[in-house]
Amino acid sequence: MGRAGTGTRGAAGALAVAGPLLLLLMARPPPAAGGDSGKSGLELVSEHFSQAPQKLSFYSWYGSTRLFHFRVPPDTVLLRWLLQVSRSGGPTCTHVEITVHFRYGAPPVINPLGTSFPDNTSVHPSFHISMLLSSEAQNNTSANISHPAPGDWFVAAHLPPSSQKIQVKGFVPTCAYVFQPDMLVMRVVKVSVMEPDVPLLQTLLSHPSYLKIFVPEYTQELQLELQGCVSNGSLGCPVRVTVGSVTLPSNFQKVLTCSSLPWPCRLLLPSPPWGRWLQVTAESLAHVSVAFSAVAALKACKPWSVTFQHLLHSSPNQSCNASSGQLSLGPGHQDLGRSSGVGSGPFCLVSYPIMREDVDVLSVHFQPLNRVWVMVHWHTPSTMRLRLNTGMDSGGSLSISLQANKTEIVNDTLVVACMNAASPFLSFDTSLNCTTAFFQGYPLSLSSSSLTANLIIPYPETDDWYLSLQLMCPESPENCQQAMVHVETTVNLVPCLNDCGPYGQCLLLRRHSYLYASCSCKAGWRGWSCTDNSTAQTVAQQRMAVLLLTLSNLVFLAPIAVSVHRALLVEASVYSYTMFFSTFYHACDQPGETVLCILNYDTLQYCDFLGSGVSIWVTILCMARLKTVLKHVLFVLGTLVIAMSLYLDRRGVWNMMGPCLFAFVIMASMWGYRCGHRNQCYPSSWQRWVFYLLPGISMASVGIAIYTFMMTSDNYYYTHSIWHMLLAGSAALLLPPRDRHAKPWACSQTFPCHYQICTNVRDELYTVT
């Protein structure tokens, strides 16, 4: 009996073998659905799936990625991704590299920024490929996967990490990168079904043979054996058998090569995936005819299910007789590892019923029916099934917490646990590798020195998950025979771990009908759950930032005072409005502890943008020295136009700068008219140019340059504060002087009762200057 050439194929091997398989399958025209594909009887059909393209973004957090969700049909032998990316924006767009991630069962967990994950988080590296878009405006790439697992597949694409520069929308040319994946699958129509313990005769010619066997629940082992191999013109049995499907990023396909003697050739699979079909592919290693018989043997697992009545009528100190149909829950329990009156053979696991409580979107609470504990023995694993197979549970984070009683774990006693998908881990030993037939599980352990254990799995695969626990005594096994430990289990599916903490926001993202959650971090915090403080701001830095952004608006007191002194009350009202809402908007737009929001954030932001635009509008029109009625009419019309444009696109620079340029044209026209009418430069005073206009224009130009070209995420706090001061200072300098022929707000009559009637002479006698 030989077990020649057995092994596990990795993800790279699965992709490498797809090339020859693709050539083999594409060498002849694809047959019609259900038609014969050749003399060998191999029947293949191809199907094409596509999704609408999406515009890519530079990566800053998980919401920057573009997610695509596909479903691979059963019996697929070849999957080919056709990846297309195109660029628009002209010759100013530079070369860029697009990264595409693939994962089976859940969205890929990626880390382009190299940040740290929260403690006790287990993450498998994502499988990805890169696409370089250089001088060409379009790039097409393909990726082939042989024998993909049926079900949900996810593709995520993004551009490189974004630069910290804050770009003004519409002011600089933008480059648009559009990505579209297509999925081409080729599946087998005729698949031979293997019955347990029934030999299935197969003959290999030029095409592989596709088989499948259904693995029922509570299958402890699956043994695949090749018997009676006969080859034409070749020594031995040149057959390679591939068992299982490819699941990225990790792939645990089993490969059995039976070219050497002795015979028969066998492959043993512990804990195969329950309740699904298992694919088996047999290929000839030589160009000769090979005949053999394939036999699959299943070893059933005998579970002991703890029913709800057992939990109600039992306590941690009670012991019952297993042969009478009740589970022993006390320290004297000995029968689970031996034969009992219920059937024959030992029990291989104790199954605890779990209640699933759906709390909210991506929020599920799992708990045993007794709501407290799970009893752990030394001879039989205790298992719990967590049903995460709805197709809508893979967009959150699975959190597992175990806690044991200090009085029950003594000396070298250990409680070991494994978290696995598809089937539970049942073969516990000191190595604790938690590896089933096609899944690498997540280990946990409890001891006298560590009474708690935690595990976090971001984006768990869509499947039934199993938590297995068993008691072990590595140094003194006899100490475990009478021992029993009650473990408190807390299992939750949450959208974001700890709600992203104080420096993050948990956001719910959507791709068609699929929902998933991610954290958006602030104040320099990074990472999957905003727990990486390598670039975080201290509390003192946060306070300094909010003080700079808010107190810098006090410079608007200067144009307010100048406007009041020169009887420009409308302008003073606009500057007061801008100062008020800019101050409280920046007080609300802060992370962590330094936050003060008097209104809704979106309302404060809109009012701040509106005040900035209207301030520029009224300042330029005031410099034009129009008639009072015409000036106020333009004030109102410009404000309405700016309000409408900001509602359409708040961050579009030309929506706000367009009306301001129109005001500048009006001002330049009025100044030009006065220059021609008076035959001299307007304003005519050189002091006005030197001490007011030129400094004001310089401050406004520097402010616009800083706002447009120099602002980044790192220097935002002081560059934006400088922008506030320069904008307010330029307004104070550019406001026109009072009309020299008008008196300031004089009091024309005084009454004995101390009431005064004030009149503005300029409103009664208007003079054009």
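Above this text sits the structure in question.
Residues numbered from 1 in each chain as written. Predicted model: local features only at pLDDT ≥ 70, side-chain atom pairs only at ≥ 80, totals over all residues. Heavy atoms only, no water.

Asks: Could you clarify how one ought to interpret the overall build of the protein chain in this entry?
Replies: The number of helices and strands found in the protein chain is eleven helices and 36 strands. Looking at the protein chain residue by residue over its 769 residues, the buried ones come to 49%. Taking the intrachain contacts of the protein chain between residues at least 6 apart in sequence as the baseline, contacts between residues at least 24 apart amount to 75%. (Helix = DSSP H or I, 4+ residues; strand = E, 2+ residues; numbered from the N terminus. Buried < 20%, exposed > 50% of the residue type's maximum accessible area, 1.4 Å probe, protein only. Contact = heavy atoms within 4.5 Å.)

Asks: Teacher, can you tell me more about empty space enclosed by the protein here?
Replies: Gaps between atoms show up when a probe of the same size as a water molecule is rolled over them. Enumeration over the complete set of coordinates arrives at eight cavities of 30 Å³ or more. Taken as a whole, the largest cavity spans an internal volume of roughly 140 Å³. Broken down by class, the residue content of the lining of the largest cavity amounts to seven nonpolar, four polar and two charged. The volume enclosed by the second largest cavity comes to roughly 100 Å³. Surrounding the second largest cavity, 13 residues form its lining, Arg-103, Val-109, Val-123, His-124 and Pro-458 being those nearest its centre. For the lining of the second largest cavity, the secondary-structure elements that each account for two or more residues are β7 (96-104) and β30 (452-458). (1 Å grid on protein atoms, 1.4 Å probe; cavity = no way out; pocket = protein on both sides within 12 Å on 5 of 7 lines; lining within 4 Å. Points joined across faces, edges and corners; volume = space filled by probe spheres on them. Nonpolar A, V, L, I, M, F, W, Y, C, P; charged D, E, K, R; others polar.)

Asks: I would appreciate a short explanation of the environment of Val-215 in the present structure.
Replies: Mapping Val-215 onto the fold places it in strand β14 (residues 209-215). Classification of Val-215 as buried rests on a relative accessible area of 0%. Those residues in contact with Val-215 that lie beyond four places of it in its chain are Leu-222, Pro-272, Pro-273, Trp-274, Gly-275, Arg-276 and Leu-278.

Asks: Whenever I open this one, the packing of helix α7 (residues 628-648) against helix α8 (residues 653-678) confuses me. Can you help?
Replies: To describe two helices that pack against each other, one gives the angle between their axes and the distance between the axes. Following both chains from N to C, one finds α7 and α8 inclined at 155°, their axes separated by 8 Å at the closest point. The angle between α7 and α8 places the two elements in the roughly antiparallel class. When the axes of α7 and α8 are compared, the crossing they make is right-handed. On α8, the residues touching Leu-634, Val-641, Ile-642 and Ser-645 of α7 are Asn-655, Met-656, Pro-659 and Ile-666. Taken together, the residues of the contact of α7 with α8 break down into six nonpolar, two polar and no charged. (Axes fitted to C-alpha atoms, helices over the stretch in contact; angles between N-to-C directions. Parallel < 35°, antiparallel > 145°, perpendicular 65-115°, else oblique. Left-handed = near helix turned anticlockwise from the far one by under 90°.)

Asks: Explain the state of the cysteines to me, please; I cannot follow it from the model alone.
Replies: Throughout this description, disulfide means a covalent bond between two cysteine sulfur atoms. What the rule picks out here adds up to eight disulfides. Cys-418 shares a disulfide with Cys-434; S-S distance 1.9 Å. Here the disulfide of Cys-418 and Cys-434 is left-handed, its torsion about the S-S bond being about -70°. Of this pair, Cys-418 sits in strand β28 (residues 414-421) while Cys-434 sits in the loop between β28 and β29 (442-446), and the two are 16 residues apart along the sequence. Covalent S-S linkage joins Cys-496 and Cys-506, the inter-sulfur distance amounting to 2.1 Å. In this structure, the disulfide formed by Cys-496 and Cys-506 twists by about 75° around the S-S bond and is classed as right-handed. With Cys-496 in the loop between β32 (485-494) and β33 (504-511) and Cys-506 in strand β33, this residue pair connects regions lying ten residues apart in the sequence. With a relative accessible area of 7%, Cys-496 lands in the buried category. We note that Cys-681 lacks a disulfide partner, and the nearest cysteine sulfur, in Cys-675, lies 5.0 Å from it. Cys-681 gets classed as partly exposed once you look at its relative accessible area, which sits at 49%. (Disulfide = S-S within 2.5 Å.)

Don't take any of this as a statement about function, it's just geometry.
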